[in-house]
Amino acid sequence: MIEKTEAICIKISSFSKTSHIVSWLTDTHGLIQTVIKGAQRPKSWFIGQYDLFQTCEILFYTRSYNNLHIMKECTPLTQRDGFRTNWRSAALASYFCDLIYRSSFGNTHMPEYYKLLSTSLDALISHGPDTSIMSWYELNILLTNGLAPTLNNCTSCGITITDKPNYTFSIQQGGIICSNCSNKTNSNIISITPDILALLRNWQRTISPAAARNIKPTRKQTLAFRSLIGIFITYHLDINPVSRRAAIEISTV
Ligand SMILES: [Zn+2]
């Protein structure tokens, strides 16, 4: 059976001396892998037809027994050449793709993922390696998985959280907990300041990565946010991508 779809190239590996395995986030089939036979031969028809971070139209023969399909045709639609010259943005793009790759459990098709990655890569091309784009992206990955931090009500008893000097946040319970519940819980709790809670709320309700750039955290706030969300992602998505640390280090050089 032959399928055709739009797809973003998120990972390229060697399969043999001449072939590639390419992982794609597709518009219609979720995360898939294709074998591109002869891709590394000098006269291959596929040379120049795909690269990391590009959106392509792909035509492939489906193979159901191992989810490793056979590429028939591939045509670039959005090449995003800016990543070739802006290595800081490329480091963030690599992390964005890696996070999708690692959090696509069982290759379940989640249509929101495709739009999320596409718009975020475009935002990196347009605006460079912006911290707010990365923060927005991470919160939306969690949101798409139904794991967004609870920020307005206590995750234990549900009461509305009111303003006070500091808040308690439970990684295990997935958000803010009230002082009454924090005295009873056995889970590890973290104290967060009102400005960090406000940042989380702002990014969580912002609808696009471009709009997220209007939120300008201080360096101290950025560090606090990264630490909190890094722990949150590791715990709830059960992954600890090395690419996150590399992306942060490279994009802030
Ligand atoms: Zn409570």
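Residues numbered from 1 in each chain as written. Predicted model: local features only at pLDDT ≥ 70, side-chain atom pairs only at ≥ 80, totals over all residues. Heavy atoms only, no water.

1. Topic: the coordination of the zinc ion
Selection rule: Excluding water, the donors of a metal are its N, O and S neighbours within 2.8 Å, or within 3.2 Å for Na, K and Ca, and that exclusion means sites may look incomplete. Any coordination sphere not matching a tetrahedral pattern (four donors, all angles between 85 and 135 degrees) or a square planar or octahedral pattern (four or six donors, opposite donors over 155 degrees apart, other angles between 65 and 115) is reported as irregular. What counts as a helix is a DSSP run of H or I of at least four residues, what counts as a strand is a run of E of at least two, and both are numbered from the N terminus. Relative accessible area decides the class of each residue, using a 1.4 Å probe on protein chains only: under 20% of the type maximum gives buried, over 50% gives exposed, and in between gives partly exposed.
Protein coordination at the zinc ion comes from Cys154 (SG), Cys157 (SG), Cys178 (SG) and Cys181 (SG), with a distance range of 2.2 to 2.3 Å. Of note is the zinc ion, whose four donor atoms meet at the metal with angles of 101 to 115° in an arrangement that counts as tetrahedral. Along the chain, the residues that donate to the zinc ion are spaced as C-x2-C-x20-C-x2-C. Of this pair, Cys154 sits in the loop between α3 (131-144) and β6 (167-170) while Cys181 sits in helix α4 (residues 179-182); the two residues are 27 residues apart in sequence, bridging distant segments of the chain. As far as burial versus exposure is concerned, Cys154 and Cys181 are alike and both buried.

2. Thoughts on the sheet that holds strand β7 (residues 175-177)
Put simply, the test is: In this scheme, strands are said to pair when DSSP sees at least two bridges between them. Axis definition: a line fitted to C-alpha atoms, over the contacting stretch in the case of helices. Angles run 0 to 180 degrees between N-to-C directions.
Strand order in the open sheet made by the three strands is β7-β6-β8, with antiparallel pairing throughout. Edge positions in the sheet fall to β7 and β8 (189-192), since each has one partner strand and no second. Pairs of neighbouring strands in the sheet enclose a mean axial angle of 45°, with direction left out of account. Strand direction decides the pairing type here: β6 and β7, joined by three bridges, are antiparallel.

3. Notes on the environment of Phe53
Selection criterion: Contacts were defined at the residue level, with two residues in contact if any of their heavy atoms lie within 4.5 Å.
You can see Phe53 is positioned in the loop between β3 (31-36) and β4 (55-61). Residues in contact with Phe53, not counting those within four places in the same chain, are Ile8, Cys9, Arg80, Phe83, Ala90, Ala93, Ser94, Cys97 and Leu121.

4. Let's talk about the pairing of β6
The two faces of β6 match: Tyr167 and Phe169 on one face and Thr168 and Ser170 on the other face are all buried. Sheet topology note: the β6/β8 ladder contains four bridges and is antiparallel. Along β8, the bridge assignment pairs Ser170 with Ile189. Counting the residues between successive antiparallel strands, the hairpin from β6 to β7 contains four residues, one of them, Gly174, with a positive phi of roughly 90°.

5. So, the domain arrangement of the chain
To keep it simple, the criterion reads: Boundaries between domains were set according to an automatic or database domain assignment. By buried area we mean the combined loss of accessible area, with a 1.4 Å probe, across both parts when two parts are placed together. Definition used for salt bridges: Asp or Glu carboxyl oxygen within 4 Å of a side-chain nitrogen of Lys or Arg. Whenever two N or O atoms come within 3.5 Å, that pair is a polar contact, provided that in protein one can donate a hydrogen and the other can accept it, and provided that, for residues adjacent in sequence, both atoms are side-chain atoms.
Segmentation of the chain into domains returns domain 1 (1-79) and domain 2 (85-253). Placing a centre on the C-alpha atoms of domain 1 and another on those of domain 2 gives a separation of 30 Å. Together domain 1 and domain 2 conceal approximately 1,400 Å² of surface at their shared face, both sides included; 69% is due to carbon and sulfur atoms. Together, Leu25, Leu31 and Phe53 form the three largest contributors to the area buried by domain 1 at its contact with domain 2, with a combined 41%. Inspection of the region where domain 1 meets domain 2 yields zero salt bridges. For the pair domain 1 and domain 2, the number of links is one residue pair in polar contact (both at pLDDT 80 or more). Looking at the side of domain 1 that touches domain 2, the element that brings in the most residues is strand β1 (residues 2-14), giving five residues.

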